[in-house]
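Architecture at a glance
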Amino acid sequence: MSLFFQYVASGVATGCTFALTATGFVAVYRVTRVVNFAQGMFAVVGGMITYSLLALGLPHGLSEAVAVLLGALVGLAVGVVAIGKPGTPTVASLIITLGLAIGTYAIIILVWGDQPLSFGGLSGNLELGPVSLQYQYVLVVVVTALTFVALTAFFDHTYVGKALTACSSNPYAARLMGIDVTRMGLISFALGGALGALAGVLLAPLQPVSFNSDVGLAINGFAAAVFGGILRPLTALLGGLVLGVAEALVAGFSRASLETGVALVLLLGLMVWQTSRRAGGAIEEAAV
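Below is a short write-up of the structure. (Residues numbered from 1 in each chain as written. Predicted model: local features only at pLDDT ≥ 70, side-chain atom pairs only at ≥ 80, totals over all residues. Heavy atoms only, no water.)

**Brief notes about unusual backbone geometry**
Non-glycine residue Arg33 carries a positive phi angle of around 60°. Considering the arrangement of structural elements, one finds Arg33 in the loop between α1 (2-32) and α2 (39-55). The partly exposed category is assigned to Arg33, whose relative accessible area is 36%. (Helix = DSSP H or I, 4+ residues; strand = E, 2+ residues; numbered from the N terminus. Buried < 20%, exposed > 50% of the residue type's maximum accessible area, 1.4 Å probe, protein only.)

Below is the structure:
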C-alpha cells in the first residue's frame, strides 16, 4: 500500500503538468476552435529558457518568471502566424501550428543542442506517513492549484477574461458587442504559451526535456483536454490528474514503457464515447 500511495502522489504532481498543458489547449480552442499542436513546444521552450537563465546566474523564481513571460510571447507569435490574418480557415491554422512545432526543433537544437537538459529544483523530501514526496512535486501541485485559482478569477472578474468567455460562447454576438475576436484569439494563444511554459518550468527539474519532448507533453495534454470536451479548464485539470495517476500506477506496477499508451488509450476511448453520445443525441432529435 505504501508503494500505491507513493505512485498516486507522484502521479498527481505529474498530472498537474498535464493539466497546465491541457488548459493551454482549452484556452486556444475555446476562442478560435483551433487545436494548437504547438502547445507541447511551449513547455520545452519554457524549460530550456529557465535552464539558460539559471546558467547565466539569475536566481530561481526570476528565471522561471521570465521563462513563462517569454513563453507567452512565443505563444503570441504562433498566434499571429496561425490566425493573425482574418479569414484563415481553421484547418489551415491547425496545420500551421503543427508546422511551427516541428520547425522549432531546428531552432531548439541550434540553441540548446539535442541532449536532454534539466536543472535543480527544490531539494529534500516531505514525509507524509508512508509516502516520501520530493518538495519539487509539492511545488508543482501548489503552483498548479494557485494557477487555476488565478485563471478562475481572471475569467470571472476581468474584462479580458469575460471577453474571452464571450468569444467562446458566441463569436458573432461578441463581434456585435464590439469585441475584437481576432485580438482575443491572439490573447488566448499568449495564455496558452504561458501555461505551457509554466508546465515545462515545473517539470524540467523532475524530467529532463529535449527538443522532441513536446510530443509526449502534447499527447498527454490533449488527452486531458479531451476529457472535458476541450472547452472547460476545470475538467481539463481533472483529466490531467486522472491521466497522471493512471500512468504512474502503470509504470510502477507494470512497465514504464507502457505509460505513454495510457494517454493514447484514454484519448481513443474518450473520442469513441463522445462520438457515440453525439450520435445518440442526433438520433433522438431526428426521432422527435
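**Section: a nonpolar patch on the surface**
Nonpolar side chains collect at one region of the surface, where Leu69, Leu70, Leu73, Leu76, Val80 and Val81 lie side by side and expose about 500 Å² of accessible area between them. Position of Val80 relative to the elements: it lies in helix α3 (residues 62-83). According to the relative accessible area criterion, Val80 is partly exposed, its value standing at 45%. (Patch = residues over 30% accessible without salt bridge, like charges linked within 9 Å, V, L, I, M, F, W, Y side chains within 5 Å. Areas by Shrake-Rupley, 256 points an atom, 1.4 Å probe, with all protein chains shown as cover. Salt bridge = Lys/Arg side-chain N within 4 Å of Asp/Glu carboxyl O.)

**Structural notes on the nonpolar core**
Membership of the largest hydrophobic core comes to 26 residues, with the highest contact counts inside it found for Leu20, Cys167, Ile179, Met184 and Leu191. At the level of elements, α1, β2 (131-134), α5 (135-157), α6 (159-169) and α8 (181-203) are the ones that each hand at least two residues to this core. Every residue in contact with Leu191, bar those within four places of it in the chain, is listed here: Ala27, Leu151 and Phe155. Val45, Ala67, Ile83 and Phe189 belong to the second-largest nonpolar core, a separate cluster that totals 21 residues. (Core = buried A, V, L, I, M, F, W, Y, C linked by side-chain atoms within 4.5 Å. Contact = heavy atoms within 4.5 Å.)

**Here we look at the environment of Val31**
Position of Val31 among the secondary structure elements: in helix α1. For the pair Val31 and Ser169, spaced 138 residues apart in the sequence, the C-alpha separation amounts to 8.3 Å. Beyond its immediate sequence surroundings of up to four residues, Val31 is in contact with Leu164, Cys167, Ser168, Val181, Met184, Gly185 and Ser188.

On their own, these measurements won't tell you what the molecule is for.
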